[in-house]
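Residues per chain, in single letters:
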Amino acid sequence: MRYADFDLYKDLIHEKTGLYIGAEQSWVLESRLAPVAAKWGYPSIPALTIALRGIPDPGLIKDVIEAIVSHDTQFFRHPEHFEQLRDYILPHMAMARSDSGLLRIWSAGCGTGQEAYSLAIFLRDHADLLGGLKVEIIATDICSSALDQARSGLYTQDDIQRSLSIHQVLSCFDQVSGGMWQIKPPVSSMVRFQYGNLLENFERLGTFDIIFCCNVMQDIAHDRRDKILKLISQRLAEDGVLFTEPAAPLAT
Amino acid sequence: MKTCLIVDDSETVRKLLRHIVEDMGFACIEAEHGEAAYDACRAQMPDVILLDWSMPIMNGLAFTQKLRQTAGGEKPVIIFCTSETDIGQIRKALEAGASEYVMKPFDASIIRSKFYLTGQIGEP
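Below or above, wherever it landed, is the structure these notes cover. Keep in mind that what you see is a predicted model, and the values were worked out from it rather than measured. (Residues numbered from 1 in each chain as written. Chains lettered and ligands numbered in written order. Predicted model: local features only at pLDDT ≥ 70, side-chain atom pairs only at ≥ 80, totals over all residues. Heavy atoms only, no water.)

Residues and elements named next belong to chain B. Spatially, five strands are ordered 2-1-3-4-5 in an open sheet, and the strand pairing comes out parallel. Taken across any chain shown, the strands that pair with only one partner, and hence form the sheet edges, are strand 2 (27–31) and strand 5 (100–103). Recorded for the sheet is a direction-independent mean angle of 20° between the axes of neighbouring strands. Here strand 4 (residues 77–82) runs beside strand 5; their pairing, made up of four bridges, is parallel. Residue pairing across strands places Thr82 opposite Met103, the latter belonging to strand 5. Contacts from helix 1 (residues 11–23) reach strand 1 (3–7), strand 2, strand 3 (48–51) and strand 4, with the element oriented near 165° to strand 2. (Pairing = 2+ DSSP bridges. Helix = DSSP H or I, 4+ residues; strand = E, 2+ residues; numbered from the N terminus. Axes fitted to C-alpha atoms, helices over the stretch in contact; angles between N-to-C directions. Contact = heavy atoms within 4.5 Å.)

Here it is in structure tokens:
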């Protein structure tokens, strides 16, 4: 891919999502754009790129962004977060939220849903720590196809073997055809998936007690990171907890 | 050093698992079928057993049932590692006394994850 063409995609993604793609990812870009070019009837990626330089259909822009930004997620990707939930955060929240009776959690940048479902599974397994609190998990992402997959609750054998115990698999998933596994309704009903761009104001979502913004921050350009953290923090209760990508240094 | 008994009638699978498990700091013993595995356990009870299902002479399910009825046989963590992927088979293995279950194909991180979940290693 020519540098000038790569810059177009880099700028488009940065403008619309705040995410940063480096030149070393250009080879991945081509494989992800090929199906988009085919869908919209462009004979090649350069032809697709020319169209994007003109006045492209908003649907085309959306498809291009989604093809590029989809990211891998995994069940219980950060076990240390769940240890902190178990040891400190849930016991605190059980007392602090006893009046309202509700615990609100936001999975920001949820991808295909594994983080949100991990939270649901964990909270079911540790219901004794909740002190009778009801739980609401909201999960947002910019990629509609990832959200569709998350809502389907369908995962591969490989997905469910990573970081889930077999006992969790049997209690929270049904085995369905084609070697796939599907989240059971008592678990899926704990999570609501919605479209959300981290650059937007999320006032509509209300206030949260715990926010997870992991697996996204390392892809966010520096100049957007502070803005996104500020917007997310505005949704956090005064004694709320924000989990973010461990390796992402925060600007002071 | 902790020990792991690898039970599979495929030498290729045993070699692959040995490589993964030795990387986690375990000393490995191998057996080609359930009967050889049981003899190995009688000689020295391992900490973990990675166990195939379909094997000649004695299969993984029969081995698990026999081991769990043996004095000291309740101790090892038994992780099935098998191409039996049906949920009914998984339940049978757990009822027989398996601790965990891996469906083939697997990779190193899946095995590590199961070792972590069963408390055999400190981090995944």
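Below, the discussion takes up the nonpolar core. A:Leu85, A:Ile160, A:Phe173, A:Val191, A:Phe193, B:Ile49 and B:Phe63 are the most contacted members of the largest nonpolar core, which totals 65 residues. Top element by residues in this core is helix 6 (residues 114–125) of chain A. It accounts for seven residues. Excluding residues within four positions of it along the chain, A:Ile160 makes contact with A:Phe75, A:Tyr155, A:Val169, A:Phe173, A:Trp181 and B:Met103. Counting residues in hydrophobic clusters, the runner-up holds 38 residues, among them A:Ile21, A:Leu33, A:Leu48 and A:Phe208. (Core = buried A, V, L, I, M, F, W, Y, C linked by side-chain atoms within 4.5 Å. Buried < 20%, exposed > 50% of the residue type's maximum accessible area, 1.4 Å probe, protein only.)

A few words now on the sheet that holds strand 1 (residues 102–108) of chain A. Residues and elements named next belong to chain A. The strand order across the open sheet formed by five strands is 6-2-1-7-8, and the pairing between neighbours is parallel. Of all strands in the sheet, those with a lone pairing partner are strand 6 (191–195) and strand 8 (236–244), marking the two edges. For this sheet the average axis-to-axis angle between neighbouring strands, irrespective of direction, equals 20°. Of the strand pairs in this sheet, strand 1 and strand 7 (residues 208–213) are connected by three bridges, and their pairing is parallel.

All names here are of chain B. Assignment of secondary structure puts Asp52 in the loop between strand 3 and helix 3 (60–68). A relative accessible area of 6% means that Asp52 is categorised as buried. Residue contacts for Asp52: discarding those within four places in its chain leaves Val7, Asp8, Asp9, Gly60, Phe80, Cys81, Thr82 and Lys104.

Taken together, the contact between chain A and chain B spans 15 residues of the former and 21 residues of the latter. Of the roughly 1,500 Å² buried where chain A meets chain B, counting both sides, 53% is carbon and sulfur surface. By the criterion of area lost to chain B, the three top residues of chain A are A:Gln161, A:Ile166 and A:Leu170, representing 39% of everything that side buries. Seen at the junction of chain A and chain B, the total is one salt bridge. When the shortest N-O distance is used, the salt bridge between B:Asp107 and A:Arg162 registers 2.4 Å. Our enumeration of links across chain A and chain B arrives at 12 residue pairs in polar contact (both at pLDDT 80 or more). At the level of secondary structure, the elements contributing two or more residues to the side of chain A that touches chain B comprise helix 5 (79–96), helix 8 (157–161) and helix 9 (166–172) of chain A. Examining the composition of the side of chain A that touches chain B, we find that four residues originate from one element, helix 8 of chain A, more than from any other. (Buried area = accessible area lost by both parts, 1.4 Å probe. Salt bridge = Lys/Arg side-chain N within 4 Å of Asp/Glu carboxyl O. Polar contact = N/O pair within 3.5 Å; in protein donor to acceptor, adjacent residues only side chain to side chain.)

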